[in-house]
Amino acid sequence: MALATRKFDAVVVGAGGAGLRAALQLSEAGLRVAVLSKVFPTRSHTVAAQGGIGAALGNMGEDSWLWHMYDTIKGSDWLGDQDSIEFLCREAPKVVIELEHFGMPFDRNDNGTVYQRPFGGHMQNMGAGPAVQRSCCAADRTGHAMVHTLYQRNVRANTQFFVEWLALDLVRDASGQVLGVTALEMETGEVSILQARATLFATGGSGRMFQSSTNAFINTGDGLGMAARAGIPLEDMEFYQFHPTGVHGAGILITEGVRGEGGMLLNKSGERFMERYAPNAKDLASRDVVSRAMATEIKEGRGCGPGADYLLLKLDHLGPEVIDKRLPGIREISIKFANVDPVKDAIPVVPTAHYQMGGIPTNYHGEVIVPQGGNPSAVVPGFYAAGECACASVHGANRLGTNSLTDLVVFGKAAGDAVIRFLKENPGEKDLPADAAERTLTRLARLEAQKNGESVHEVGAALRRTMQAHCGVFRFPDMLAEGLHMIREVAERVGRVEIRDKSKVFNTARVEALELENLIEAARATMVAADARKESRGAHDRADFHRRDDANWLKHSLWYRDGDRMDYKPVNLKPLTAEPIPPKARTY
Amino acid sequence: MRISIYRYDPDQDARPYMKDYDVPVEPTDRMLLDLLVKVKALDDSFAFRRSCREGVCGSDAMNINGKNGLACITRIAELREPVELRPLPGLPVVRDLIVDMTQFFHQYHSIKPYLVNNDPSPELERLQSPADRAELDGLYECILCACCSTSCPSFWWNPDKFVGPAGLLNAYRFLADSRDQAANARLDDLEDPYRLFRCHTIMNCVDACPKNLNPTRAIGKIKEMMVRRTV
Ligand SMILES: Cc1cc2nc3c(=O)[nH]c(=O)nc-3n(C[C@H](O)[C@H](O)[C@H](O)COP(=O)(O)OP(=O)(O)OC[C@H]3O[C@@H](n4cnc5c(N)ncnc54)[C@H](O)[C@@H]3O)c2cc1C
Ligand code: SF4
Ligand code: SF4
Ligand code: FES
């Protein structure tokens, strides 16, 4: 069957912070660009980001991109690539100023400059401390302010959006070059090919693979699934971040900005326990450190409530003025989802699945790279990725708060620029291979014809249960081995999922089934990579290998869908211009 | 709990109908959206939009027991039974609770929803005092859910010509920004019997906004600015 084909200079899949920033770069360069999003752009998950965007503006006191770089490398537990991290931290002030010029409503200081708050792991003096105020914010609605501003700027630039279009698969030719995507228009049910000389993924994370998650329903790792099916490996997927403060029972995030503004964590005896785990940084230690401390408190019986299964986040001592001015959204969320008004009472919180450090491997230009013929980082022509779906790798084994929003705009813009260069140097258009849509059509045909299968709901629940129980904050060898077996079983069930709804019009059952086929790839990659890595580093904590092991494991992992196998590649410990930061013990 | 839902699939149904579902409410179910997810598990043909499940993305606006709101921040405990769910009024229905928002977004785009400042970009940020920044509070938080505009009779009758409360609130968001230089052009564009002046201060919009924003106040401010520039 031949599908309708439309041609563009570039296709961007995703319209969150990363996709919108990239699209803006391309539209303003006068290119014909199609931006696909499965939801209206401002409904992308970036809208939920709360605490801020990290950049060494130095508005509140001395700061420098070098300090930011040091903190990010230490935060990554030395797994981050230092060239990418230098690029991130040096570009950060420029892209934040640009956002301000685009109209983003940042909070202000009395002198009119952008207000910045402290955040976990961000320190002065190359990690020595004390904490630095580096997080530029719009109250606790920074992501909302950012994604709306970027969308507005794209309206100004006349960017062409394909809203409620679901990208289904990557189109590659025999040489491996990427030539666009297949996609489903939800309203009509039509499937077509969007052919492009360059394809940029900005599809966000895969947080819905866990039962308890701060992530939106739409965060199903679609870009990862599409890339994996097309033979691209996924990097460092075992490193999944659990945010210390999700609302107990609901999973809704309470920003680290609460602790940045002076909030603190307490156990059942009212003890500020972080003083024991991180004497220096206390509640503002790195997220992996705080989440582990909390899980330990709960495990050892010092949790609060009837089930002793949560801790308390106290902020009433900040006073109603500070709370209403700096954390109004948090007050709203606590009242709605925890039945607690933080002006008076502490919020019940637990570590909650939050952020995927790994993803589609790229360099700091946003070009997708894979090992090929002895070169660990050969560029895949025509393919780019940025944002949470990508692994540049700036977050390594653990991301610092505020560094994702920075990542979105720095690498969204850089990937846009890389596409512009590529299109200039490669003006010719390649023909689509005859089997361009085959994978997609096979998947759709299977789904339409499936009888006696299970529902998306059942299989999805099994996937989430498995990941939650077997691949959480603490990882145990027997649980991992069992989890591996179970997730492979779930993968087989995904291949037999059945939908009863066969309508053409806005068939959300079909959409959810296709999303599940992506989520399972992300979940498998995470479990297999976690089982394979025999050390503890950043967010990956194994009971049987309790230490970081630089001699054997200072390397990035790569999971290939084909054969369900692992490969590894070296970490880049050389920044672009700065002195390298060699690995050392990590304490806060 | 019994939920009665407006169902219509143009691919299959001659006309819309209401369908009843009985779903068990467990202690962990807090919001209406939790129950809609259960309905979807019972009947995968039920179509609705949702994403953030915390009231920030604007996806799941619908008409709940006669009032527009977001399912994800509507408490189950506060709902009258049977719960009646319909698509947002006044917009064409695509399927079930999914409406075609084209006209709503068209009006949003029509107010030039972006900062206009033609001075050369300074090297650092444009300065803005905390007081000037505070002028944007209650405006920039709009999540474009359309609860307001689809509760406004003036928007129902003239969705092609009246900007509607959401669009006007956003227009004022830029008029109120000390960094914006297009105030006159923005006011010229709105000084029109339809675009702004179809608002008859019925206040439905204020009542409907799930983010507690006040479009009527913003509309009043725009009118004040118009008066001020003529004197
Ligand atoms: C509650 C919360 C708070 C956070 N707070 C902060 C913070 O304060 N600071 C910080 O730095 N980070 C924060 N983070 C992390 C950060 O917000 C995310 O990592 C980031 O927003 C991801 O942006 P993105 O552009 O990569 O993807 P997203 O914003 O998730 O966007 C993904 C886009 O891809 C589209 N898409 C996906 N799949 C498809 C498909 N198959 N077809 C078509 N389109 C598709 C979606 O429609 C969407 O437009 C927070 C995260 C959460 C969950
Ligand atoms: S106040 Fe104006 S905009 Fe609001 S509902 Fe009434 S007529 Fe519509
Ligand atoms: S003003 Fe309120 S109701 Fe209207 S679109 Fe914005 S958030 Fe929704
Ligand atoms: S799901 Fe996002 S506002 Fe309700």
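Residues numbered from 1 in each chain as written. Chains lettered and ligands numbered in written order. Predicted model: local features only at pLDDT ≥ 70, side-chain atom pairs only at ≥ 80, totals over all residues. Heavy atoms only, no water.

Trainee: How would you sum up the nonpolar core? Please name residues and give values.
Mentor: By size, the foremost hydrophobic cluster in this structure holds 179 residues, and its most contacted members are Leu36(B), Leu85(B) and Ile222(B). At 12 residues, the largest contribution of residues to this core is made by helix 11 (residues 403-425) of chain A. Other than its neighbours up to four places away in sequence, Leu36(B) contacts Ile5(B), Phe46(B), Phe48(B), Met62(B), Ala71(B) and Leu85(B). Residues Phe162(A), Leu194(A), Ala230(A) and Leu516(A) belong to the second largest nonpolar core, which totals 85 residues. (Core = buried A, V, L, I, M, F, W, Y, C linked by side-chain atoms within 4.5 Å. Buried < 20%, exposed > 50% of the residue type's maximum accessible area, 1.4 Å probe, protein only. Helix = DSSP H or I, 4+ residues; strand = E, 2+ residues; numbered from the N terminus. Contact = heavy atoms within 4.5 Å.)

Trainee: Any details on the interface of chain B and chain A? Residues and values, ideally.
Mentor: With 61 residues of chain B at the contact, the number on the chain A side is 66 residues. Between chain B and chain A, roughly 5,200 Å² of surface is buried when both sides are summed, and carbon and sulfur atoms account for 51% of that area. Per-residue buried area on chain B facing chain A is highest for Arg53(B), Glu125(B) and Tyr140(B); these three make up 13% of the total on that side. At the boundary of chain B and chain A, one finds seven salt bridges. Among the ionic pairs, Arg141(A) bridges to Glu141(B), the shortest N-O distance being 3.8 Å. (Buried area = accessible area lost by both parts, 1.4 Å probe. Salt bridge = Lys/Arg side-chain N within 4 Å of Asp/Glu carboxyl O.)

Trainee: So what's going on with helix 6 (residues 183-190) of chain B? Residues and values would help.
Mentor: Taken residue by residue, helix 6 of chain B has Arg186(B), Leu187(B) and Leu190(B) as its buried positions. Considered in projection along helix 6 of chain B, the buried side chains sweep an arc of 95° and stay on one side of the axis. (Arc of directions from axis to C-beta.)

Trainee: Give me empty space enclosed by the protein: which residues, what numbers.
Mentor: All names here are of chain A. Scanning the model with the defined rule gives eight cavities of 30 Å³ or more in all. In terms of lining, the largest cavity is formed by 49 residues, of which the most central are His45, Thr46, Gly204, Asn219 and Glu388. At the level of secondary structure, the elements contributing two or more residues to the lining of the largest cavity comprise helix 1 (17-28), strand 2 (33-37), strand 7 (165-172), helix 5 (222-229), strand 14 (347-356) and helix 11. When its residues are assigned to classes, the lining of the largest cavity shows 19 nonpolar, 23 polar and seven charged. Roughly 230 Å³ of volume is contained in the second largest cavity. (1 Å grid on protein atoms, 1.4 Å probe; cavity = no way out; pocket = protein on both sides within 12 Å on 5 of 7 lines; lining within 4 Å. Points joined across faces, edges and corners; volume = space filled by probe spheres on them. Nonpolar A, V, L, I, M, F, W, Y, C, P; charged D, E, K, R; others polar.)

Trainee: If you had to explain the sheet that holds strand 13 (residues 311-314) of chain A to someone new, which residues and values would you point to?
Mentor: Residue and element names in this part refer to chain A. The four strands lie next to each other as 11-14-13-12, forming an open sheet whose pairing is antiparallel. Strands at the two margins of the open sheet, each flanked by one partner only, are strand 11 (240-247) and strand 12 (264-266). Between one strand axis and the next, the sheet turns by 45° as a mean value, whatever way the strands run. Where strand 13 meets strand 14, three bridges bridge the pair, whose relative direction is antiparallel. The partner of leucine 311 across the bridge, within strand 14, is valine 349. Contacting strand 11 and strand 14, helix 10 (residues 328-338) runs over the sheet at an angle of about 110° to strand 14. (Pairing = 2+ DSSP bridges. Axes fitted to C-alpha atoms, helices over the stretch in contact; angles between N-to-C directions.)

Trainee: How would you explain the packing of aromatic side chains if you had to name every residue and give the values?
Mentor: All told, the structure shown has 17 aromatic pairs over all chains when counted by the stated rule. Ring geometry for Phe8(A) against Phe162(A): centres 5.7 Å apart, planes inclined by 90°, an arrangement best described as edge-to-face. Residue Phe8(A) is located in strand 1 (residues 4-13), and its partner Phe162(A) is located in strand 6 (residues 160-163); the two are separated by 154 residues in the primary sequence. Among the residues examined, Phe162(A) registers a relative accessible area of 5% and is labelled buried. In textbook terms, an aromatic cluster arises when at least three aromatic residues are bridged by ring pairs, as seen for Phe40(A), Tyr151(A), Phe161(A), Phe104(B) and Phe105(B). The ring of Phe474(A) has Lys299(A) sitting right over it, with the charged end atom 4.6 Å from the ring centre. Arg326(A) extends its terminal NZ or CZ atom over the ring of Tyr115(A), reaching a point 3.6 Å from the ring centre. (Phe/Tyr/Trp six-rings, centres within 6.5 Å; stacked < 30°, edge-to-face > 60°. Lys NZ or Arg CZ within 6 Å of the ring centre and 35° of its normal.)

Trainee: How would you summarise the site of ligand 1 if you had to cite specific residues and measurements?
Mentor: Residue and element names in this part refer to chain A. The full set close to ligand 1 counts 39 residues, and Ser44, His45, Thr46, Glu388 and Leu405 are the nearest of them. Interatomic distance of 2.8 Å between a side-chain N/O atom of serine 37 and an oxygen atom of ligand 1. A distance of 2.9 Å separates a nitrogen atom of ligand 1 from a polar atom in the backbone of glycine 52. Across the complex, the protein chains shield 99% of the 1,000 Å² of accessible surface that ligand 1 would expose by itself. In this structure the site holding ligand 1 corresponds to the largest cavity. Those elements that provide at least two residues to the shell around ligand 1 are helix 1, strand 2, strand 7, helix 5, strand 14 and helix 11. No other element matches the four residues that helix 11 contributes to the shell around ligand 1. (Near = heavy atom within 4 Å. Polar contact = N/O pair within 3.5 Å; in protein donor to acceptor, adjacent residues only side chain to side chain. Areas by Shrake-Rupley, 256 points an atom, 1.4 Å probe, with all protein chains shown as cover. Sits in = over half its atoms within 2 Å of the grid points.)

Trainee: With reference to specific residues and values, describe the sheet that holds strand 10 (residues 234-235) of chain A.
Mentor: All names here are of chain A. Read from one edge to the other, the open sheet built from three strands follows the order 10-19-20, with strand pairing classed as antiparallel. Each edge of the open sheet carries a strand with a single partner, namely strand 10 and strand 20 (565-570). Bridging between strand 19 (residues 555-560) and strand 20 involves six bridges; their strand directions are antiparallel. By the bridge assignment for strand 20, tyrosine 560 is matched with arginine 565.

Trainee: Mind laying out unusual backbone geometry, listing which residues take part and the relevant values?
Mentor: Residue Gly129(A) is joined to Pro130(A) through a cis peptide bond whose omega torsion reads 0°. In this chain, Glu81(B) is followed by Pro82(B) through a cis amide linkage whose omega measures -5°. Among the structural elements, Pro82(B) can be located in the loop between strand 4 (67-70) and strand 5 (83-86). Phi at Trp78(A) is positive, roughly 65°, even though this residue is not glycine. Looking at the secondary structure, you find Trp78(A) in the loop between helix 2 (65-75) and helix 3 (82-102). Under the relative-accessibility criterion, Trp78(A) is labelled buried at 0%. A positive phi angle, near 65°, is found at Glu164(A), a position not held by glycine. Secondary-structure assignment places Glu164(A) in the loop between strand 6 and strand 7. The exposure class assigned to Glu164(A) is buried, which follows from its relative accessible area of 14%.

Trainee: Can you lay out helix 5 (residues 164-175) of chain B for me, pointing to particular residues and giving the numbers?
Mentor: If you check helix 5 of chain B, its first and last C-alpha atoms are 16 Å apart, about what 12 residues at 1.5 Å a residue would give, namely 16 Å. Across the 12 residues of helix 5 of chain B, 12 count as buried, placing the element largely inside the fold. All of the buried residues in helix 5 of chain B are Gly164(B), Pro165(B), Ala166(B), Gly167(B), Leu168(B), Leu169(B), Asn170(B), Ala171(B), Tyr172(B), Arg173(B), Phe174(B) and Leu175(B). Packed against the buried residues of helix 5 of chain B are helix 4 (142-156) of chain A together with helix 2 (102-110), helix 4 (153-157), helix 6, helix 7 (204-208) and helix 8 (215-230) of chain B. (Expected span 1.5 Å × (residues − 1).)

Trainee: Before we move on, can you summarise the pairing of strand 14 of chain A with the specific residues and values?
Mentor: Residue and element names in this part refer to chain A. In terms of residue burial, strand 14 counts as a mostly covered element, since 10 of its 10 residues are buried. Pairing geometry for strand 11 and strand 14, over six bridges, is antiparallel. Bridge pairing in strand 14 links tyrosine 240 to glutamine 356.

Trainee: Let's hear about the packing of helix 1 of chain A against helix 11 of chain A: which residues, and what values?
Mentor: All names here are of chain A. Axis separation between helix 1 and helix 11 bottoms out at 7 Å; the angle between their running directions is 35°. Helix 1 and helix 11 meet at a crossing whose hand is right-handed. In contact with Gly17, Ala18, Arg21, Ala22, Gln25 and Leu26 of helix 1, helix 11 contributes Leu408, Val409, Gly412, Lys413, Gly416, Asp417, Val419 and Ile420. By residue class, the composition of the contact of helix 1 with helix 11 is seven nonpolar, four polar and three charged. (Left-handed = near helix turned anticlockwise from the far one by under 90°.)

Trainee: Break down the environment of Val289(A) for me, citing the residues and quoting the values.
Mentor: Residues and elements named next belong to chain A. Considering the arrangement of structural elements, one finds valine 289 in helix 8 (residues 287-299). For valine 289, a relative accessible area of 18% corresponds to the buried category. Note: C-alpha distance between valine 289 and alanine 449 (160 residues apart in sequence) is 48 Å. When sequence neighbours within four positions are dropped, the list of residues in contact with valine 289 reads Met274, Arg586 and Tyr588.

So far we have only geometry, and geometry alone does not tell us how the molecule works.
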